[in-house]
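Architecture and fold: a report
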Amino acid sequence: MFGNHFYHAAIRRTVAVFGTLFNDINVLRAGSDGTAKNIIKVPLAYGPKQKFLSRLDQQSDFDDPKIALKLPRMSFEITSLVYNTNAKLQKGIKQTFTDPLDSGKKKTVLGPIAYNLGVQLNIMAKNQDDALQILEQILPFFQPDYTVSVKEVNNIFKSDQPFILQSVSLNDDYEGDFATRRITISTLDFETKVNFYGGIDLQ
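Summarised in this report is the structure supplied together with it. For clarity, every value in this text was computed on a predicted model and none was experimentally measured.

The rules behind these values
Residues numbered from 1 in each chain as written. Predicted model: local features only at pLDDT ≥ 70, side-chain atom pairs only at ≥ 80, totals over all residues. Heavy atoms only, no water. Helix = DSSP H or I, 4+ residues; strand = E, 2+ residues; numbered from the N terminus. Buried < 20%, exposed > 50% of the residue type's maximum accessible area, 1.4 Å probe, protein only. Contact = heavy atoms within 4.5 Å. Areas by Shrake-Rupley, 256 points an atom, 1.4 Å probe, with all protein chains shown as cover. Polar contact = N/O pair within 3.5 Å; in protein donor to acceptor, adjacent residues only side chain to side chain. Core = buried A, V, L, I, M, F, W, Y, C linked by side-chain atoms within 4.5 Å. Phe/Tyr/Trp six-rings, centres within 6.5 Å; stacked < 30°, edge-to-face > 60°.

**Some words on the overall build of the chain**
The secondary structure content of the chain amounts to three helices and 11 strands. Going from the N terminus to the C terminus, the chain shows its helices and strands as α-β-β-β-α-β-β-β-β-α-β-β-β-β. The buried share of the chain, taken over its 203 residues, is 36%. Of the contacts formed within the chain by residues at least 6 apart in sequence, a portion of 68% connects residues at least 24 apart. Summing over all exposed atoms, the chain offers an accessible surface of approximately 12500 Å²; the carbon and sulfur share of this is 51%.

**Examining the side chain of H8**
Position of H8 relative to the elements: it lies in the segment before α1 (10-21). With relative accessibility at 18%, the residue H8 sits in the buried group. At 2.7 Å, the side chain of H8 and the backbone oxygen of G198 are in polar contact.

**A word on the nonpolar core**
Across soluble globular proteins, nonpolar side chains have a tendency to be buried as a group. Counting residues in hydrophobic clusters, the biggest one holds 25 residues, and the most contacted among them are F22, M74, L121 and I138. The set of elements that each furnish at least two residues to this core consists of α1, β4 (73-83), β7 (113-125), α3 (128-136), β8 (145-152), β9 (157-173) and β10 (183-196). Beyond its immediate stretch of four places on either side in the chain, M74 contacts F22, I25, V42, P43, L44, A45, L121, N122, I123, I134 and I138.

**Overview of the packing of aromatic side chains**
Scanning all chains against the criterion turns up 13 aromatic pairs. Ring pairs connect the aromatic residues F18, F22, Y46, F76, F142, Y146, F163 and F190, which therefore count as one cluster.

Without other data, these values stay purely geometric and don't point to any function.
See below:
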């Protein structure tokens, strides 16, 4: 209907960039004398929070070294995709560029068409101190946005992509009897801008 196949991996690239922002967070465990006992790298994976909580509910012991799923950990997922009316351009606008990968030929591409992408980051921990350590390693960098330079459409166009922290919610699930597992969950909702481009044609 719309012509030849094209795919510029706009959402996939955004998800990858978002993940790299949080893939180097650690939790420090201190001994009784206050010195560092060990440092734990917090694992990060793409997926809904409910999937990880379901797997945790099936575990009988968090401290069993044979169990793969450990706490603390983080997960993130796409929550929304909405057209950005504030960045609306005239319909059918095309950009002309020189393709360095094709002998410098002049080409055109439809776009960019801007959308707002919602991404949610979930922090899961079995105690409050772990959750707060992770949270404090994130919040100082978002005031409320953190901007990353990305390359789009086969690395031809370069743009600034802001990741805006919209809200933070804390859930300390301690209700129930003494046998009930306690899980602390912090949820951070972000919004970012994604540009979509059409197919590439010779000028």
